[in-house]
Amino acid sequence: MSFNIQNQPNMRRICFPLLLLFSFSISQAQESEDTAHQYVSLPDVQIRAFEQNKRAARVPASINVINRQALNLFSPTSIVSAVNTLPGARMEERSPGSYRMNIRGSSLRSPFGVRNVKVYYNDIPITDPGGQTYLNEFGYYNFNSLEIIKGPASSLYGAGTGGTLLIDGMNEKERAGVTTEYTAGSYHLQNLYAGISTGSEQSLSKASFQHQHNDGYRNQSALRRDVFSWTGSYRINENKYLKTTFLYGDLFYETPGGLTKAEYDADPGGSRPAAGGFPSAEQAKASIRQRMFLAGVSYNQHLAPKWDNKSVLYGMFTELRNPAIRNYGKNSEPHVGARTLFTFNQPLQQSLLSVIVGGEWQEGFSNIAIHKNVNGNADSLRTYDDIHNRQVMAFTQASLDLNCGWSLIGGASWNWSNLQFQRFTPASLGSQSRSFDNQVAPRIAVMKRFGSARNEVNVYSGISKGFSPPSRDELIPTGGAINLGLNPEKGTNYDLGVKARLSKLYIDIDAFLFDLDNAIVQRRDAGGGDYYVNSGKTNQHGIESYLSYPLLQGKTFQQSNLWLSHTWHDFHYKQFKQLTTDFSNHQMPGDPKHAISTGYDVILRSGINATVTYYYSGKVPLNDANTAYADAYNLVGGKIGFQKWVENRWRFRVNLGVDNLLNTKYSLGNDLNAAGGRYYNAAPGRNYYVSLLVQWASKKVD
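For the chain, the count of helices and strands is seven helices and 37 strands. Taking 2.2 N^0.38 as the reference for a compact globule, 702 residues should give roughly 27 Å; the C-alpha atoms of the chain span a radius of gyration of 25 Å, in line with that estimate. Summarising its shape, the C-alpha atoms of the chain cover approximately 70 × 55 × 45 Å along the three principal directions. Expressed as a percentage of the 702 residues in the chain, the buried residues total 60%.

Okay, structure coming up:
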């Protein structure tokens, strides 16, 4: 299968379609109850990062928020485009379902998935103790809001120098009733959602099912995802609050493999051909089959007049089947964990002192069997490993909010991790272990507030140290030799930023400098196997900017928003020599120097809705030698629709959207440092979708 993608357009070709779309921008459809609490400017969003529970503009850290409003700007099948509207964050999709998260260069060690970034879902740490996060198991509708903390957040969230994701899967203001949405689109896309919500003033429960499949835009790139979930929130009394999370995901997607430049130019829709004694991706039936079950509870209670506690207990199981070019992997990965924190609040006249102490524990037991792959079937057993991971963290944090406009925050965590490994096949190697003990990660930040609530300027600065031990798959990669000698990454990050609300204009600018020692870098051999090395030192600095403004207002317009984000990243190896080759001062692969995202949406009181978006990525270095680059590209998308409430109980909404309107040819989710120059994974060309939502509310809408 192949498709035609035109060459990248120049800026002149972009300007006219972009202006044309802007002139037709009408509105962005709301998702649930009303726009009063959904469509809020970013500084007014209440966030949970660092347990501050403050408006985003008053938290002294580089944090971006994606709420339901931002998700609704794009197709209801993926969060990738919404994440890429933010500065400093880049989400990639190597093929449908194969996600990769990049926060300030964190994808350097992630061939796929999410590594070096800690992820919490409904307060549950879903990053397993081996350092892997299966974010692709979650469907679009499992995300109600997403907070992205950029840079080391180890003082409260443990290992990870890239950042932290805090995901909330439930809207506590959601109405009781039934909601269904169906989406169809290019590449035989079919997406179905059905949800039932019940509740009262004391409780809310929501059960849902999501089904998604498409044939893919490349050969060997089909996707099927089914997700069942149930979430609940229950107010037992004024002092006790319980949240429950249950989720089962069944995911299958094909992996077409990376292409050389010649193959990518000749047929970007093709899959990896047979070469070098290895079968083609199609012959190997290269794919991922993944099942995951998550169950957890979060319990909040008021213990005493000044003391509160939040405790989390959960279990998670992942089964992974991975026929690949060189082998067939079978993984069973159960793990359990708990997290608790105690908060003490002491008013000091018109100031407030808050102190947090707590801990987190995770325990994982993995069995990994590697077989010979014969036409997509598991054949003779090659290796069988038994792996036991443990991560333990203790943390404390104090914050002081003074009535003169100053805010101070300081914290630190103490971290211990251990991996025990035993290979039983082909011959027992005996038990081996590697520990990373007494890793201390402090953070200090200060903010000064100027002006009034309507014209408020917050200036902040912070310093944080982070560390990231090698993940299980880096110490024991299925495609390479055992390497228990890998060392943890350690880095120091400096931030200087301003968050300002000047009447209706919101400004968020953060400048950072990050020095990293022992950076872990991915390599890929001729058969597609991954292995890793410590790369010496890196120097990463940049400026991340975000602006938003309600451009149009009046009787015709219910809401409007114009936004612009810009990322400038200058990431280099400060000191990196591999054997006789010196990569010092070379640009680190995986990140463009410049990325721009902008868009405009408004809501008409008549119910008509539309959105226009634009995204630019500069060229991306693909290897440490800087001898190969992915081309820069420009993307334009749009969405238009209409919604109507009938008898204040039934809601109907229809949307029509287009992605990559200019049919730009580009590679997304590149395979870095790939052997044989197999760097390129073509992204989809111009594609369309249409969605229909029907909602019934058990009580009439005011």
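Bringing the sheet that holds strand β6 (residues 117-121) into the picture now. The strand order across the open sheet built from five strands is β3-β8-β9-β6-β7, with neighbouring strands paired in mixed fashion. Where the open sheet ends on each side, the last strands, each with one partner, are β3 (63-66) and β7 (124-125). In terms of strand pairing, β6 meets β7 through two bridges, oriented antiparallel. Pairing of tyrosine 120 across the sheet is with proline 125, part of β7.

Alignment of strand β20 (residues 406-425) against strand β21 (residues 431-451), held across 16 bridges, turns out to be antiparallel. Its bridge partner lying in β21, serine 407 is registered against methionine 447. Bridge analysis of β21 against strand β22 (residues 455-468) gives nine bridges, and the strand direction is antiparallel. Paired with phenylalanine 450 across the bridge in β22 is valine 457.

What follows is about the pairing of strand β28 (residues 557-575). As paired elements, strand β27 (residues 537-549) and β28 share 13 bridges and run antiparallel to each other. Bridging from a neighbouring strand, isoleucine 543 pairs with tryptophan 568 of β28. Of the strand pairs in this sheet, β28 and strand β31 (residues 594-604) are connected by 11 bridges, and their pairing is antiparallel. Bridging from a neighbouring strand, threonine 567 pairs with alanine 595 of β31.

Conventions we followed
Residues numbered from 1 in each chain as written. Predicted model: local features only at pLDDT ≥ 70, side-chain atom pairs only at ≥ 80, totals over all residues. Heavy atoms only, no water. Helix = DSSP H or I, 4+ residues; strand = E, 2+ residues; numbered from the N terminus. Rg over C-alpha atoms; globule rule 2.2 N^0.38 Å. Buried < 20%, exposed > 50% of the residue type's maximum accessible area, 1.4 Å probe, protein only. Pairing = 2+ DSSP bridges.

Shape descriptors only; they carry no functional weight alone.
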